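Understanding the architecture of this molecule
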Amino acid sequence: MEYGFSDRIHFVDTHAGGEPTRIVLEGGPDLGKGSMAERREIFRTKFDHFRSAVVNEPRGSDVFVGALLCEPTDPTCVAGVIFFNNVGYLGMCGHGTMCVAVALGYLGRISAGTYKLETPVGIVTFDYDGKHTVTITNVPSYRYAKDVAVEVEGFGVVKGDIAWGGNWFFLVDEHGQELELRNVEQLTDFTWRIRQALQRQGITGADGAEIDHIELFGPPKNPNANSRNFVLCPGKAYDRSPCGTGTSAKIACLISDGKLKPGKIWRQESIVGSIFEAWGEVDGDKIIPHLRGTAYVMAEGTLILQPEDPFRFGIRP
C-alpha cells in the first residue's frame with residue numbers, strides 16, 4: 001500500500017456496444033466517506049496515478065473507460081461509482097453504467113431487477129434483465145444553447161448545440177462528413193479541431209464547464225435506426241458505442257425542438273453499428289432520458305504493479 005492503494009488490483013473487463021469499461025472491484029485507494037463528487041475530487045488530486053495505472057498503456061489503452069466501485073452514501077443504492085478515462089474523470093457514463101450492471105450480475109451481487117447507482121452527478125436507476133440487457137434512467141438532461149457558431153481551423157464556421165446528458169456535449173448535424181468507420185482518422189481530426197476551437201473561443205457549458213465531448217450525427221446505415229453518430233471522447237479516442245450521455249443530450253435537444261415526442265423511442269447507431277434505444281419524458285425544463293442497451297463481460301483478472309516497473313503507473317504525457 002506504499003502508493004496509497006494495493007499493488008494488486010482486481011478487475012472485470014466489460015463492453016457495451018463495443019466500448020470497453022474496466023471495473024475496479026478491489027485494490028483501489030481509500031477515498032473517504034463523502035459524496036461521490038467529493039470522492040472524485042480526492043481521486044483526482046491525490047490518486048491520479050491509480051487512474052493512469054488502470055486504464056493507460058501498458059495495462060490498458062486510450063479506449064478504456066474505468067469504473068471504480070465504491071460504497072454508496074445512500075443506502076438505497078446498490079453501489080457508488082466513479083468513472084474515469086485516459087486523461088481524467090467523467091460525471092456520468094451511460095455505456096459504463098450498463099457495464100457495471102452486467103458485471104454486478106456476473107459477480108452474483110445482483111439478480112434481475114431495478115437498482116439505483118450513485119454517481120458524482122447524481123443517482124441513476126437501472127433495470128437489469130438478469131443477462132445482458134440494461135435500461136438506464138439517466139440524470140436530467142437539457143440543451144444549454146442552440147445553433148452556436150464556432151470558427152474551426154481548416155473548415156470554417158460550424159454550428160452545433162451545447163447540451164448536458166451527464167457530460168457536456170457539442171452536437172453537430174450539419175458537418176459535411178461521411179460517418180463511416182473507414183473515416184475514423186478524418187473524423188477524429190475534424191472533431192478534435194472543433195473541441196480546440198471551442199476552448200480557444202471561450203465557448204463553454206453552464207458555469208464555464210468545459211465541453212469535452214464532440215458528437216456528429218448523420219443518416220443511419222441500419223434501417224431500424226434513426227441516426228448514426230461519431231463521438232469524440234475527452235482523451236481523443238472515439239466512442240465505439242452510441243454513447244449513453246451523448247444520446248441523452250441528443251434526445252433532450254430533439255424533444256425541445258418538437259422533433260421527438262416524449263416517450264417515443266429513438267434508436268441511435270454508433271460508428272461501429274451498435275445501437276442504443278432511448279426515449280425521454282419532460283420534467284419541467286429538463287428531460288429525463290431512458291437508455292437501453294446490452295453489455296457483456298470479457299475478462300476478469302488482477303493488475304499487478306511491481307515496484308521495479310517504471311510504467312507501473314501507466315504511460316502518461
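This text goes with the structure placed above it.
Residues numbered from 1 in each chain as written. Predicted model: local features only at pLDDT ≥ 70, side-chain atom pairs only at ≥ 80, totals over all residues. Heavy atoms only, no water.

As for the environment of Tyr142
Within the secondary structure, Tyr142 sits in strand β8 (residues 142–152). In sequence terms Tyr142 and Ile255 are 113 residues apart; their C-alpha atoms lie 9.6 Å from each other. With sequence-adjacent residues up to four places away left out, Tyr142 is seen in contact with Ala163, Trp164, Trp168, Ala206, Ala252, Asp285 and Lys286. (Helix = DSSP H or I, 4+ residues; strand = E, 2+ residues; numbered from the N terminus. Contact = heavy atoms within 4.5 Å.)

What to know about the packing of aromatic side chains
Applying the stated rule across the entire model yields 11 aromatic pairs. With a centroid separation of 4.8 Å and an interplanar angle of 70°, the aromatic rings of Phe5 and Phe50 are classed as edge-to-face. With a gap of 45 residues between them, Phe5 in the segment before β1 (8–16) and Phe50 in helix α2 (residues 48–55) connect regions that are remote in the sequence. Note on accessibility: Phe5 and Phe50 belong to one class, buried. Ring centres of Tyr144 and Trp168 lie 5.6 Å apart, and the angle between their planes is 75°; this geometry places the pair in the edge-to-face category. On the criterion of sequence distance, the pair formed by Tyr144 in strand β8 and Trp168 in strand β10 (residues 168–172) is long-range, its members being 24 residues apart. A network of ring pairs unites the aromatic residues Phe5, Phe43, Phe50, Phe84, Tyr89 and Phe313 as a single cluster. The ring centre of Phe217 lies 4.1 Å from the NZ or CZ of Lys250, which sits over that ring. (Phe/Tyr/Trp six-rings, centres within 6.5 Å; stacked < 30°, edge-to-face > 60°. Buried < 20%, exposed > 50% of the residue type's maximum accessible area, 1.4 Å probe, protein only. Lys NZ or Arg CZ within 6 Å of the ring centre and 35° of its normal.)

Thoughts on empty space enclosed by the protein
Counted under the stated rule, the structure contains 1 cavity of 30 Å³ or more. Computed from the structure, the largest cavity encloses a volume of approximately 150 Å³. Contributing to the lining of the largest cavity are 23 residues, with Val65, Leu90, His213, Cys233 and Asp239 lying nearest its centre. Residue assignment for the lining of the largest cavity shows that the elements contributing at least two residues are α3 (94–106) and α5 (244–256). Taken together, the residues of the lining of the largest cavity break down into 10 nonpolar, 9 polar and 4 charged. (1 Å grid on protein atoms, 1.4 Å probe; cavity = no way out; pocket = protein on both sides within 12 Å on 5 of 7 lines; lining within 4 Å. Points joined across faces, edges and corners; volume = space filled by probe spheres on them. Nonpolar A, V, L, I, M, F, W, Y, C, P; charged D, E, K, R; others polar.)

Side note on α2
With 7 of 8 residues buried, α2 is to be regarded as a mostly interior element. All buried positions along α2 are accounted for by His49, Phe50, Arg51, Ser52, Ala53, Val54 and Val55. For α2, the secondary structure elements touched by its buried residues are β1, β2 (19–26), α1 (36–46), β3 (65–70), β4 (79–84) and β15 (286–304).

Functional significance is not addressed by these values, which are geometric in nature.
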